[in-house]
Amino acid sequence: MTSLAIIDSGGANITSLLSAFERLDVTAELSRDAAVIRDADRVVLPGVGAAHDAMTRLREANLVDVIRGLRQPVLGVCLGMQLLCDASEEDDVDCLGIVPGVAQKLPVGDNCPVPNMGWCATRFTASHPVLRGLEQDDYFYYVHSYAVPESECTIATATHTRTFSAMLARDNFVAAQFHPERSSKAGSRILNNFLGWSP
Amino acid sequence: MFYDITASPDRRTVDRAWVNSVARLLDIPFCVAGGIKTLADAEDVLHKGADKISVNSPALADPDLIGKLARRFGSQCVVIGIDSQAEGDDWFVYQYTGDPDKTQSAQRRTLDWVREVQDRGAGEIVLNCMNQDGVRRGYDCEQLGAVRAVCNVPLIASGGAGAREHFRDVFAAANVDGALAASVFHSAEIPIPELKQYLLEQQVDIRL
């Protein structure tokens, strides 16, 4: 049985994430304890709210270097994905710098209000073990105002006025801008693939 | 969308244990409505696993509540429900519609209220057209089109769905972002997978 730690970055509503893993028969532990996070077989970095607040909470809990040093599979979700990047233009804040890229404000476009909130067709642009069994252009559920441009670490894209990174991967880190825990069967498939992934 | 429509007229809040059991079962986003009057009510419902909260009568009673909710939780989870019907050549808002004996006019023009709730931070609007509600003769495309013209956030049509063509018509005529229905789904008169397949064939962008 794999042990799974969800990093408690404070304020985040993680009920839906805990429930999604419960449906896959995995009991996740919500924690901000460095030892628990370091020892877990797998780690999830969730996040809602603003990048600056989330980084401040990670710093206050002395988790910045802990997260940078993780060698087990790590999944970033939504703001958690942006936190793994170099920085965010939201409040101009430095992030963890594990995956290259800077989160930028989504431009408002015709029929594309910001925040981008809803189901977007998502295109897989590279192969990765967590994408196993997914169909090209499957829909996932997004809620965000900032997005990371495409880079060499992009493994999936979606478009809302402009095309952005829907998923990023580097070494033992993988991350999704959408909410797999609220993306029906396709989302559940990604979580299940993550639980079986050995980088 | 989960409505506890008698919560406000009965001065209750939606049952939290029930919200939590639904959140644990469901793998798609869901919204909860019913008697959410304070930041604490909203926080509790969101922490029990709801993705969004919808506020109707309490926002009419205290419009500042909308801004407080949006600043605390973000516009993306603040949905404003509006019950509206035609009177003469205009549309007006009603409140406490969960109980026919308590339903009353909110003394506001619908289009004014739609503009105001957006200015105050609403992230989505569900417009329930009361004239059509429950009669299954199609959505009120005229009213929804008028609201669409002043609504820059996602707009969900509610009230009147009786046939799959009604869904096609409201997307085509009023350019809404979503169409809500209850009775035709609960009775299984319109199976959801078939409806989605039909709408896809009718060029509506929809997840199957």
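Residues numbered from 1 in each chain as written. Chains lettered and ligands numbered in written order. Predicted model: local features only at pLDDT ≥ 70, side-chain atom pairs only at ≥ 80, totals over all residues.

Caption draft 1: The overall build of chain B, seen in detail. Counting secondary structure elements, chain B contains 9 helices and 9 strands. Against the compact-globule benchmark of 17 Å for 208 residues, chain B has a radius of gyration of 16 Å, which places it among compact chains. The dimensions of chain B, computed from C-alpha atoms along their principal axes, are 45 × 45 × 30 Å. The buried share of chain B, taken over its 208 residues, is 45%. The long-range fraction of contacts in chain B, counting pairs at least 24 apart against all pairs at least 6 apart in sequence, stands at 59%. (Helix = DSSP H or I, 4+ residues; strand = E, 2+ residues; numbered from the N terminus. Rg over C-alpha atoms; globule rule 2.2 N^0.38 Å. Buried ≥ 20, exposed ≤ 12 C-beta atoms within 10 Å, placed from the backbone. Contact = placed C-beta atoms within 7 Å.)

Caption draft 2: Quick peek at the interface of chain B and chain A. With 17 residues of chain B at the contact, the number on the chain A side is 17 residues. For the side of chain B that touches chain A, the elements supplying multiple residues, two or more each, are helix 1 (16-25) and helix 2 (39-47) of chain B. Classifying every residue of the side of chain B that touches chain A gives 6 nonpolar, 6 polar and 5 charged. (Nonpolar A, V, L, I, M, F, W, Y, C, P; charged D, E, K, R; others polar.)

Caption draft 3: Broad picture of the packing of helix 6 (residues 141-148) of chain B against helix 7 (residues 164-174) of chain B. Residues and elements named next belong to chain B. Between helix 6 and helix 7, the least distance of the axes is 9 Å, while the angle of their chain directions is 40°. Relative to helix 7, the crossing made by helix 6 is right-handed. Here Cys141, Leu144, Gly145 and Arg148 of helix 6 lie close against helix 7, whose contacting residues are Asp169, Val170, Ala173 and Ala174. In the contact of helix 6 with helix 7, the residues fall into 5 nonpolar, 1 polar and 2 charged. (Axes fitted to C-alpha atoms, helices over the stretch in contact; angles between N-to-C directions. Left-handed = near helix turned anticlockwise from the far one by under 90°.)

Caption draft 4: The arrangement of the sheet that holds strand 10 (residues 146-147) of chain A in detail. All names here are of chain A. Strand order in the open sheet formed by 4 strands is 6-5-7-10, and the pairing between neighbours is mixed. The open sheet has two free edges, formed respectively by strand 6 (93-94) and strand 10, since each of these has just one partner strand. As paired elements, strand 5 (residues 87-88) and strand 6 share 2 bridges and run antiparallel to each other. Paired with Ala87 across the bridge in strand 6 is Asp94. (Pairing = 2+ DSSP bridges.)

Caption draft 5: Representation of unusual backbone geometry within the structure. Residues and elements named next belong to chain A. Positive phi, normally seen in glycine, also occurs at Asp92, with a value near 55°. With respect to the helices and strands, the residue Asp92 is situated in the loop between strand 5 and strand 6. Given 10 C-beta atoms within a 10 Å radius, Asp92 is considered exposed. In this structure, Ser184 is a non-glycine residue whose phi angle is positive, near 55°. Summarising the element assignment, Ser184 is placed in helix 6 (residues 184-196).

Caption draft 6: Quick peek at the sheet that holds strand 2 (residues 28-31) of chain A. Residues and elements named next belong to chain A. With mixed pairing, the 9 strands of this open sheet are ordered in space as 2-1-3-4-13-12-11-8-9. Looking at strand neighbours, the two that pair on one side only are strand 2 and strand 9 (138-144), the edges of this open sheet. Here the average twist between neighbouring strands, direction ignored, is 30°. In this sheet, strand 12 (residues 162-170) lies alongside strand 11 (residues 154-160) in antiparallel orientation, the contact comprising 6 bridges. Across the sheet, His160 pairs through a bridge with Arg162, a residue of strand 12.

Caption draft 7: Quick peek at helix 6 of chain A. Residues and elements named next belong to chain A. Under the 1.5 Å per step criterion, the end-to-end length of helix 6 is 19 Å for 13 residues, consistent within 8% with the ideal 18 Å. What helix 6 keeps buried is the set Gly187, Ile190, Leu191 and Phe194. An end-on view of helix 6 places all buried positions within 95° of arc, on one side of the element. Opposite the buried face of helix 6, by more than 90 degrees, sit the exposed residues Lys185 and Gly196. Against helix 1 (15-23), strand 4 (74-77), strand 9 and strand 13 (173-176) lie the buried residues of helix 6. (Expected span 1.5 Å × (residues − 1). Arc of directions from axis to C-beta.)

Caption draft 8: Fine view of the pairing of strand 9 of chain A. Of all 7 residues in strand 9 of chain A, 7 are buried; the element is thus mostly enclosed. Residues of strand 9 of chain A alternate between two faces, with A:Asp138, A:Phe140, A:Tyr142 and A:His144 on one and A:Tyr139, A:Tyr141 and A:Val143 on the opposite face, all of them buried.

Caption draft 9: A look at the environment of A:Ala87. Residue and element names in this part refer to chain A. Examined against the element boundaries, Ala87 turns out to sit in strand 5. You can call Ala87 partly exposed: it has 18 C-beta atoms within 10 Å. Along the primary structure Ala87 and His128 are separated by 41 residues, whereas in three dimensions their C-alpha atoms are 24 Å apart. Once residues within four sequence positions are removed from consideration, Ala87 is found in contact with Val93, Asp94, Cys95 and Val102.

Caption draft 10: The environment of A:Arg132, seen in detail. All names here are of chain A. By the secondary structure assignment, Arg132 is in the loop between strand 8 (116-124) and strand 9. For Arg132, a count of 13 C-beta atoms within 10 Å translates into the label partly exposed. Sequence separation between Arg132 and Ile190 is 58 residues, and the spatial gap between their C-alpha atoms is 7.9 Å.

Caption draft 11: Fine view of the pairing of strand 3 (residues 52-55) of chain B. Residues and elements named next belong to chain B. Of the two faces of strand 3, both are covered, the one formed by Lys52 and Ser54 as well as the one formed by Ile53 and Val55. Here strand 2 (residues 31-33) pairs with strand 3 via 3 bridges, running parallel. Residue Val32 lies in a different strand from strand 3, and its bridge partner there is Ile53. The parallel pair strand 2 and strand 3, bridged by helix 2, forms a crossover whose chirality is right-handed. (Right-handed = clockwise from strand over helix to strand, strands pointing away.)

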